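# Understanding the architecture of this molecule
Spelled out, the chains give:
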Amino acid sequence: MADNFDLTVIGSGPGGYVAAIRAAQLGMKVAVVEKWPTFGGTCLNIGCIPSKALLHASELFDEAGHQFRQFGIEATPTLNLEQMLRHKDDTVTANVSGIEFLFKNNKITAFRGTGSIPAPGKVLVTPESGPGQTIETRNIVIASGSVPIGLPGITIDEERVVSSTGALGFRQVPKRLLVIGGGIIGLELGSVWSRLGARVTVVEFLDRILPGLDSEAARQMQRTLQKQGFEFRLGAKVTAVDKRADGTLAARLEPAAGGEALVLETDAVLVAVGRKPFTDGLGLEVAGVALDERGRIRTDHNFKTNVPGIYAIGDVVAGPMLAHKAMDEGHAVAEIIAGQKPHVNYTTVPSVMYTSPEVAWIGKSEDELKAAGIEYKAGKFPYTANGRAKAMLATQGYVKILADVTTDRVLGAQIISKSAGEMIHEIAVLMEFSGSAEDLGRTMHAHPTMSEAIKEAALMCGDGAIHI
Ligand code: FAD
Ligand code: NAD
């Protein structure tokens, strides 16, 4: 029997590790149980971090091949895929060992193995080999994350028919890559391999890509990616992938609404049709923890499950499956357990797609405002009118600010541009303080910056921008 803990966190992803560190800062005696050999969960090991390492490296490769000449730099890049993958692996190692360091620094006890809950107040740790042990604990936070959704008729081998995990490590660039799912994973990882030379075809069930994004921005990104070489098959689904004797793959493509199928030949397939909450092995039935209709752990607004002393956060509960959402919930749940009253504001969750250009959005889209019958005004400023963007040959995209027609309060925004993911946060801060478009328009922005387009879009919600 291990020591008594104030809090035991199951899972060390962005939700779990932040909960553990914040609880330790607040004076709790904390344990973390992790079944993988390294800490950091999906995000650090097989998600956000490795994908961004490859997106950055492949973007530089693409720029060197296609843009350098316009800047007066003559260079012909040669791909060293092995080194690019090594850079990705080194980035992961540096980040996961950072979590190990933070655990030690905060005197958090880490247990390796699968955590399950035989009863409230107890966590059983079952390592891959050797005997298990039971932790006595006053509180439990479940942060067990999510896993990719599979498709019937398609067997993932993580070599040529892959989930996002396999798509982070192709040993050679596939000549043709079929991506099933036009969501963020499909377009980010599709971009990586497209830039490195693959012909990418995206099959999307809906009649549009990126269902969570403002439809104008989604249409623009579809056009942009098409110019980069992507082919889109919308309103379609893949119902089977067969391996042929000659080594190629045959994907059976059907219209989403039913009808005649056709066969697409390809060299690799990425299945990216969403993720589902992961609760296997936790013994939730034994502990009596209730799930909702979509298999997520049901919680109240304080992250409490129906069983006293058991909480849940991150991808395994409702809400967007994003690392920063999991982190903020981890921060908040630790404070709640410590008796504080924190609050996570779900109306200001930023989303970023790290394609080229990036897309960042927050709050309501125009589609959502229209559907809710909210009267709004839109200010949209194109990067073709921004001086810094011209200097950087980065004039693709725009900033769109949406504000309430009566109060001028900013309700949402979308940015398509280089570094959009960095710039969205000034709008997040403004929205946290219930700021208006006029507040944003009257805030001095340094010149020349890409951020000036935000000020200009905000001015367009009033009397008008200066540079257009
Ligand atoms: P996870 O990170 O999934 O961590 C769960 C952990 O729990 C894992 O380590 C798992 O081993 C462990 N675990 C599960 N069950 C048990 C058990 N019974 N016992 C012990 N341990 C257990 N989000 C972003 O915000 N930005 C991005 O750029 C981004 N990029 C992504 C790219 C890809 C390719 C993918 C797949 C995801 C990406 N995401 C991104 C999503 C992000 O990774 C998740 O939202 C985030 O990791 C969720 O955090 P979490 O702590 O809830 O769970
Ligand atoms: P997603 O939900 O974003 O997109 C999945 C897409 O697949 C949707 O467009 C959906 O309509 C389509 N689809 C579903 N079934 C289909 C079928 N049978 N055939 C064709 N298309 C089908 O999911 P994802 O891209 O797998 O990403 C999973 C999660 O990971 C998301 O919640 C996302 O937020 C998160 N993530 C975030 C980032 C980021 O923040 N930059 C990056 C990667 C992943």
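This text follows the structure it describes.
Here is a short report on the structure shown in this document.

### Here we look at a nonpolar patch on the surface
Side chains of Phe71, Ile73 and Leu393 sit close together on the surface and give an oily, nonpolar patch of about 240 Å² of accessible area. Take Phe71: it is sitting in the loop between helix 3 (48-66) and helix 4 (81-105). We classify Phe71 as partly exposed; its relative accessible area is 41%.

### Thoughts on helix 12 (residues 420-432)
A turn of α-helix holds 3.6 residues, and therefore any two residues three or four places apart point the same way. With 13 residues, helix 12 should cover 18 Å at 1.5 Å per step; its first-to-last C-alpha distance of 19 Å lies within 8% of that length. Ala420, Gly421, Met423, Ile424, Ile427, Ala428, Leu430 and Met431 are the residues of helix 12 that are buried.

### Topic: the nonpolar core
With 38 residues, the main nonpolar core has Leu177, Leu187, Trp193, Leu210 and Leu270 as its most contacted residues. Where this core is concerned, the elements lending two or more residues are helix 3, helix 4, strand 9 (176-180), helix 6 (184-195), strand 10 (199-204), helix 7 (215-227), strand 15 (268-271) and strand 19 (358-363). When neighbours within four sequence positions are excluded, Leu270 is seen to be in contact with Val162, Ser163, Ser164, Ala167, Leu177, Leu178, Val179, Ile180, Gly186 and Leu189.

### Comments concerning empty space enclosed by the protein
This model, assessed by the stated rule, comprises one cavity of 30 Å³ or more. If you add up the space inside the largest cavity, you get close to 40 Å³. Along its surface, the largest cavity is lined by Pro148, Ser163, Ser164, Ile185, Val271, Ala272, Val273, Gly274 and Arg275. Class assignment for the residues of the lining of the largest cavity results in five nonpolar, three polar and one charged.

### Overview of the side chain of Ser12
Topologically, Ser12 is positioned in the loop between strand 1 (4-10) and helix 1 (14-25). On the basis of relative accessibility, which here comes to 0%, the residue Ser12 falls in the buried class. Within the local environment of Ser12, its side chain forms a polar contact with the side chain of Glu34, the two groups lying 2.8 Å apart. Filtering out sequence-adjacent residues up to four positions away, Ser12 remains in contact with Tyr17, Val32, Glu34, Thr38, Phe39, Gly40, Gly41 and Phe103.

### What about the environment of Asn4?
Here Asn4 lies in strand 1. Residue classification places Asn4 among the exposed residues on the basis of a relative accessible area of 54%. If sequence neighbours within four positions are ignored, Asn4 has contacts with Lys29 and Glu136.

### Structural notes on the site of ligand 1
The environment of ligand 1 is made up of 39 residues, and the closest members are Glu34, Thr42, Lys52, Gly115 and Ala323. A distance of 2.9 Å is found between an oxygen atom of ligand 1 and a backbone nitrogen or oxygen belonging to Gly15. The backbone of Leu322 places a nitrogen or oxygen atom 3.2 Å from an oxygen atom of ligand 1. Here ligand 1 has 1000 Å² of accessible area as a free molecule, and 95% of this is covered by the chains. Of the residues forming the shell around ligand 1, the biggest block, four residues, is contributed by helix 2 (residues 41-46).

### Observations concerning the site of ligand 2
Around ligand 2, 24 residues are found, and the nearest of them are Ile185, Glu188, Glu204, Gly274 and Val352. Note that a nitrogen atom of ligand 2 is positioned 3.1 Å from one of the backbone N or O atoms of Phe205. Between Met321 and ligand 2, the recorded distance is 3.5 Å, taken from a backbone N or O atom to an oxygen atom. Within the complex, the protein chains bury 77% of what would otherwise be the 840 Å² of accessible surface of ligand 2. Elements with a contribution of two residues or more to the shell around ligand 2: helix 6, strand 10 and strand 12 (236-243). It is helix 6 that provides the largest number of residues to the shell around ligand 2, a total of three residues.

### Concerning the packing of aromatic side chains
One pass over the structure, following the stated rule, counts four aromatic pairs. Between Phe5 and Phe111 the ring centres are 6.0 Å apart and the planes differ by 85°, which places this aromatic pair in the edge-to-face class. Of this pair, Phe5 sits in strand 1 while Phe111 sits in strand 3 (residues 109-112), and the two are 106 residues apart along the sequence. Of the two residues, Phe5 and Phe111, neither departs from the other in class, the shared state being buried. Ring centres of Phe170 and Trp193 lie 5.2 Å apart, and the angle between their planes is 75°; this geometry places the pair in the edge-to-face category. With Phe170 in the loop between helix 5 (164-167) and strand 9 and Trp193 in helix 6, this pair connects stretches of sequence that are 23 residues apart. For the pair shown, Phe170 and Trp193 are each scored as buried. If you follow Lys29 out to its NZ or CZ, it ends over the ring of Phe5, 5.1 Å from the centre.

### Here we look at the layout of surface pockets
One number sums up the size of the second largest pocket: a volume of about 940 Å³. Around the second largest pocket, the lining comprises 30 residues; the ones closest to its centre are Glu59, Glu63, Ser356, Pro357 and Lys418. Going through the elements one at a time, helix 3, helix 6, helix 7 and helix 12 are the ones with two or more residues in the lining of the second largest pocket. If you tally residues by element for the lining of the second largest pocket, the top one is helix 3, at eight residues.

Rules of the game
- Residues numbered from 1 in each chain as written.
- Chains lettered and ligands numbered in written order.
- Predicted model: local features only at pLDDT ≥ 70, side-chain atom pairs only at ≥ 80, totals over all residues.
- Heavy atoms only, no water.
- Patch = residues over 30% accessible without salt bridge, like charges linked within 9 Å, V, L, I, M, F, W, Y side chains within 5 Å.
- Areas by Shrake-Rupley, 256 points an atom, 1.4 Å probe, with all protein chains shown as cover.
- Salt bridge = Lys/Arg side-chain N within 4 Å of Asp/Glu carboxyl O.
- Helix = DSSP H or I, 4+ residues; strand = E, 2+ residues; numbered from the N terminus.
- Buried < 20%, exposed > 50% of the residue type's maximum accessible area, 1.4 Å probe, protein only.
- Expected span 1.5 Å × (residues − 1).
- Core = buried A, V, L, I, M, F, W, Y, C linked by side-chain atoms within 4.5 Å.
- Contact = heavy atoms within 4.5 Å.
- 1 Å grid on protein atoms, 1.4 Å probe; cavity = no way out; pocket = protein on both sides within 12 Å on 5 of 7 lines; lining within 4 Å.
- Points joined across faces, edges and corners; volume = space filled by probe spheres on them.
- Nonpolar A, V, L, I, M, F, W, Y, C, P; charged D, E, K, R; others polar.
- Polar contact = N/O pair within 3.5 Å; in protein donor to acceptor, adjacent residues only side chain to side chain.
- Near = heavy atom within 4 Å.
- Phe/Tyr/Trp six-rings, centres within 6.5 Å; stacked < 30°, edge-to-face > 60°.
- Lys NZ or Arg CZ within 6 Å of the ring centre and 35° of its normal.

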